[in-house]
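# Observations on chain architecture
Letter by letter, the chains look like this.
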Amino acid sequence: MTVSQLAPHRHAARVQRDRWAVTAVFLLNGLTLSTYIVRAPSFKATHDLSDARFGLSGLLFAMAALACMQAVGPLTARLGTRTILRGALAVMPLLLAGLAVAPGPEWYLIGSAVLGGVHGATDAAMNASAVAVEREAKRPILNGCHAAWSVSAVVASLSTAALAHVGVSLAAHLVATGALLLAGGLVIARWLPDSGRAKAEPGVPVSLRSGWSRPLVLLGLTATALMICEGAALGWGGIFLHEARNASLSLAAVAITAYTGGQTLGRLAGDRLTGRGGGNRLFRIGAVIAAGGFAVAVLAPHPGVAVGGFALAGLGSSVLVPLTYSAVGRLPGASTAALVSRLTTFTYTGILLGPALIGWAAGHIGLAATMTVVIPLLLLVIVVPRPKR
């Protein structure tokens, strides 16, 4: 075999290695953050936090995450995603373990803010790295990366529930988990691609203001709307079934599992479907399926049928956010990292605002009417212009 024949083979092998390395980052990040979220009641009890202080910890986490998302674009353009992700994979497990053994409430608040900042930088950097690998591979990989995050959330919730059931303490759980995550991160760090810096366009300045454009803002607002819809399903779906459809508490909880299960299944198949029919076409189909699922979930009088609607909504919505990241990565005018960090700000804003907006609206027009608004919102995102592949 000649050198010219070996080159395509080596390139394909390197791209495949990069893909799995980035996917593993999504998995480890999801395990870390999901464990932190699922253990929230234990944190509150262990550190004797009042409701106000516990709420403050969440606010500090979110504010730090949003601030670091803005800074990570310019930083990645200078250092590359590999440097940032290597640092994050080492620091996040230590912070997770440190929150369990923090000597007092004040230290817990500080640790939550630092964890939020590192998570925000990691979220933007790993999505930027995934977009860069997708460009290099010339085939979709974003759905698979986000599927890994979804799987990690399920694993974290089930393992945490099992360990809490057998009486494993918060400190023992998180110190052991932190050690495993740190070991996994050190292994993966060797294989991470050095993207972001190489993708910055020559002559295009990279600063806190770079990356903002009309197409970016439109796609960003799309992402915010999608995360508000997701917040409606995850934050209020079970409450809606219990209060408006008289479902039992156990059946109401199944609605959340159905939504996340449909979402995970959809993301596992999303890359193959994108390759066959094109991302923009799949986005439109997914949005219609998600809207139809929400219509069944909200309008069906029988709670069992509504649970099926939530599963269908999760299946349809599964590809929408990954495809939006992919679309942003195709926009001209700034580095991949800058573009992705801006979009991450929009998605995170939707995550934060979604449940609160649903609650505020429900207080004025009722929960059933508020959940119905999600249906046209999902159809509205279809008309937002998207860059061609």
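See the structure printed just above.
So, here's what we can say about the structure. Keep in mind that this is a model prediction, so the values were computed, not measured.

Rules of the game
- Residues numbered from 1 in each chain as written.
- Predicted model: local features only at pLDDT ≥ 70, side-chain atom pairs only at ≥ 80, totals over all residues.
- Heavy atoms only, no water.
- Bend = angle between axes of the 7 residues up to and from the residue.
- Helix = DSSP H or I, 4+ residues; strand = E, 2+ residues; numbered from the N terminus.
- Salt bridge = Lys/Arg side-chain N within 4 Å of Asp/Glu carboxyl O.
- Buried < 20%, exposed > 50% of the residue type's maximum accessible area, 1.4 Å probe, protein only.
- Patch = residues over 30% accessible without salt bridge, like charges linked within 9 Å, V, L, I, M, F, W, Y side chains within 5 Å.
- Areas by Shrake-Rupley, 256 points an atom, 1.4 Å probe, with all protein chains shown as cover.
- Axes fitted to C-alpha atoms, helices over the stretch in contact; angles between N-to-C directions.
- Parallel < 35°, antiparallel > 145°, perpendicular 65-115°, else oblique.
- Left-handed = near helix turned anticlockwise from the far one by under 90°.
- Contact = heavy atoms within 4.5 Å.
- Nonpolar A, V, L, I, M, F, W, Y, C, P; charged D, E, K, R; others polar.
- Polar contact = N/O pair within 3.5 Å; in protein donor to acceptor, adjacent residues only side chain to side chain.

## Section: helix α8 (residues 214-244)
Along α8, the helix axis deviates most sharply at Trp236, where the bend reaches about 60°. In the segment just after α8, Asn246 is the residue with positive phi, at about 55°.

## Here we look at the pattern of salt bridges
Once their charged atoms are close, side chains differing in charge can pair, the charge on each being opposite to the other. For the structure on display, the rule yields six salt bridges. Arg14 serves as the salt-bridge partner of Glu136, at 3.1 Å between the closest nitrogen and oxygen. Of the two residues, Glu136 sits in helix α5 (residues 105-137) while Arg14 sits in helix α1 (residues 3-38), which places them 122 residues apart along the sequence. Residue class for Glu136 comes out partly exposed when judged on its relative accessible area of 27%. Where Lys44 meets Asp51, a salt bridge forms, and the shortest distance between an N and an O atom there is 3.0 Å.

## So, a nonpolar patch on the surface
On the surface, Leu265, Leu268, Ile285, Ile289, Leu312 and Leu315 cluster together into a nonpolar patch covering about 490 Å² of accessible area. Looking at the nonpolar patch, the elements that each hand over two or more residues are α9 (249-277), α10 (279-299) and α11 (303-317). Mapping Leu268 onto the fold places it in helix α9.

## Things to note about the packing of helix α13 (residues 336-365) against helix α14 (residues 367-380)
Interhelical geometry of α13 versus α14 gives an angle of 130° and a closest axis separation of 7 Å. Between α13 and α14, the angle is such that the two are oblique. Taken as a pair, α13 and α14 cross one another with a handedness that is right-handed. For the pair α13 and α14, contact is made by Ile358, Ala361, Ala362 and Ile365 and by Leu367, Ala369 and Thr370, respectively. Broken down by class, the residue content of the contact of α13 with α14 amounts to six nonpolar, one polar and no charged.

## Structural notes on the side chain of Glu134
Mapped onto the fold, Glu134 is located in helix α5. Overall, Glu134 belongs to the buried group, its relative accessible area being 7%. Looking at Glu134, its side chain comes within polar contact range of the main-chain nitrogen of Leu142, at 3.4 Å.

## A closer look at the packing of α9 against α11
Across the interface, α9 lies against α11 with an axial gap of 6 Å and an inter-helix angle of 25°. When the axes of α9 and α11 are compared, the pair comes out roughly parallel. The element α9 and its partner α11 pack so that their crossing is right-handed. Residues Leu251, Val254, Ala255, Ala258, Tyr259, Gly262, Gln263 and Gly266 of α9 form the contact with α11, whose participating residues are Pro303, Gly304, Val307, Phe310, Ala311, Ala313, Gly314, Leu315 and Ser317. Among the residues making up the contact of α9 with α11, the classes are represented as 11 nonpolar, six polar and no charged.

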